[in-house]
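Chains, contacts and geometry: an overview
Take a look at the letters that make up each chain.
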Amino acid sequence: METVKTISELRAARLILPQPVGLVPTMGYLHEGHLSLVRAARSECASVVVSIFVNPTQFGPTEDLASYPRDLLRDLQLLEKEGVNLVWSPDVEDMYPPGFQTWVTVEGVARPLEGSMRPGHFRGVATVVAKLFNAVQPQRAYFGQKDAQQAVVIRQMVRDLNFNLDVVVCPIVREPDGLAMSSRNTYLNPEERRAATVLYRSLSAARQAYQAGERDADRLRQIMAETIQSEPLARLQYVSCADADTLQEITGIVSGRALLSMAVFVGKTRLIDNFVIGEENHAPGN
Ligand code: AMP
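All values reported here derive from a predicted model rather than from experimental measurement.

What counts as what
Residues numbered from 1 in each chain as written. Predicted model: local features only at pLDDT ≥ 70, side-chain atom pairs only at ≥ 80, totals over all residues. Heavy atoms only, no water. Helix = DSSP H or I, 4+ residues; strand = E, 2+ residues; numbered from the N terminus. Rg over C-alpha atoms; globule rule 2.2 N^0.38 Å. Buried < 20%, exposed > 50% of the residue type's maximum accessible area, 1.4 Å probe, protein only. Contact = heavy atoms within 4.5 Å. Areas by Shrake-Rupley, 256 points an atom, 1.4 Å probe, with all protein chains shown as cover. Lys, Arg positive; Asp, Glu negative; His and termini not counted. Charge placed at Lys NZ, Arg CZ, Asp CG, Glu CD. Near = heavy atom within 4 Å. Polar contact = N/O pair within 3.5 Å; in protein donor to acceptor, adjacent residues only side chain to side chain. Domains from an automatic or database assignment. Buried area = accessible area lost by both parts, 1.4 Å probe. Salt bridge = Lys/Arg side-chain N within 4 Å of Asp/Glu carboxyl O. Nonpolar A, V, L, I, M, F, W, Y, C, P; charged D, E, K, R; others polar.

With that settled, the discussion passes to the overall build of the protein chain. Across its full length, the protein chain holds ten helices and nine strands. What you see for the protein chain is a C-alpha radius of gyration of 19 Å, in line with the 19 Å of a compact globule of 286 residues. Considering only C-alpha atoms, the protein chain reaches an extent of 55 × 40 × 40 Å along its principal axes. In the protein chain, which comprises 286 residues, the proportion classed as buried is 54%. Partitioning the contacts of the protein chain with sequence separation of at least 6, the portion at a separation of at least 24 is 72%. By element, 50% of the accessible surface of the protein chain is carried by carbon and sulfur atoms, the whole surface being about 13,500 Å². Between the centroid of the 29 positive side chains of the protein chain and the centroid of its 33 negative side chains there is a distance of 1 Å.

Around the ligand sit 17 residues in total, of which Met-27, His-34, Asp-147, Val-173 and Met-181 are the nearest. Here an oxygen atom of the ligand sits 2.9 Å away from a polar atom, N or O, in the main chain of Gly-144. Asp-147 is positioned such that a nitrogen or oxygen atom in its side chain is 2.7 Å from an oxygen atom of the ligand. Counting residues per element, the ones that place at least two in the shell around the ligand are strand 2 (21-26), helix 2 (32-44) and strand 5 (140-144).

Cis geometry is adopted by the peptide bond preceding Pro-20, which originates at Gln-19 and carries an omega value of -5 degrees. Tracing the backbone through its elements, the reader meets Pro-20 in the loop between helix 1 (7-15) and strand 2. In this model, Tyr-29 sits at a positive phi of 55 degrees, which is unusual for a non-glycine residue. Looking at where Tyr-29 falls in the secondary structure, it is placed in the loop between strand 2 and helix 2. Its identity is not glycine, yet Leu-113 carries a phi of approximately 50 degrees, on the positive side. Relative to the elements of secondary structure, Leu-113 occurs in the loop between helix 4 (92-95) and helix 5 (114-117). Overall, Leu-113 belongs to the buried group, its relative accessible area being 8%.

Glancing now at the domain arrangement of the protein chain. Interface size is commonly expressed as the accessible area that is lost once the parts come together. With domains assigned, the protein chain is organised as domain 1 (2-170) and domain 2 (183-277). On a C-alpha basis, the centres of domain 1 and domain 2 stand 26 Å from each other. Of the residues lining the interface, 21 residues belong to domain 1; the matching set on domain 2 comes to 19 residues. Summed over both partners, the interface of domain 1 with domain 2 comes to about 1,600 Å²; 54% of that surface belongs to carbon and sulfur atoms. The largest per-residue losses of area from domain 1 upon contact with domain 2 belong to Leu-113, Glu-114 and Met-117, which jointly make up 32% of the total buried on that side. Note that Arg-270 is salt-bridged to Glu-114, the shortest N-O span being 2.8 Å. Between domain 1 and domain 2 we count eight residue pairs in polar contact (both at pLDDT 80 or more) in total. The set of elements that each furnish at least two residues to the side of domain 1 that touches domain 2 consists of helix 5 and helix 7 (148-160). Broken down by class, the residue content of the side of domain 1 that touches domain 2 amounts to ten nonpolar, six polar and five charged.

With respect to the helices and strands, Arg-184 occurs in the loop between strand 6 (166-170) and helix 8 (190-195). In this structure Arg-184 comes out as buried when scored by relative accessible area, which is 17%. Once residues within four sequence positions are removed from consideration, Arg-184 is found in contact with Phe-59, Asp-64, Tyr-68, Arg-118, Thr-269 and Arg-270.

Pasting the structure below:
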């Protein structure tokens, strides 16, 4: 496994990689969720590139950029075991040199949900992912359904800017008690960690109601909100029942594929999670 830092080193190493190349963009502090993307890439591509970059432009001024967990050595050991070909961990100054002034702004699908709670977040995400795509030139790029809106935003950017690659979205990897794996789970103390299962319980309650025939979007949102509110350590930021493709909030009846999603503070830690419902009406993989 080769590791590189600068864009010129990356370009040189990329030239000799067997094709097709799969890219897995990450912010490091890797867990099984990240490794599931690496394994998907490994199984579908001749070589796998993993980028590790805590991208400052996707963090808001009051967010956790400074405290975001980092452990590059451990990450490299994990990736070596997965048979990764190339790891790229650029410095901030290399990605955003002085005078940087070009941004990628996805409009409609980046506006609701996380976009409305985290102004500028998806501009930072789309810009850095465009830069990763341009530098690595992968044939496939792997993202997690954990960040459902991010996957929709990236697909939109790829379509709109004609990036010549396939976006692959992989299922959410969870802890045995249902908590979606996240580098931010490390912020939780033991009591908060127990309380954090409320996101999964809340999504499960709404899905159960849906499976029992409930189709009223307001009612599904209410079930999720009430479950979150039953947990004293949790503070709801938003719950949503939205069209899974457009991310527009559903008013009235849920008919096609819907994204149930939420952001919840457990103590000071902001957690997100989601389920997709209504997939039985679609071909597998859609
Ligand atoms: P991050 O390091 O948080 O930026 O995540 C890098 C990639 O891993 C993103 O595409 C995430 O959606 C994905 N990811 C993070 N957590 C999970 C998880 N629990 N299951 C599946 N994918 C995940």
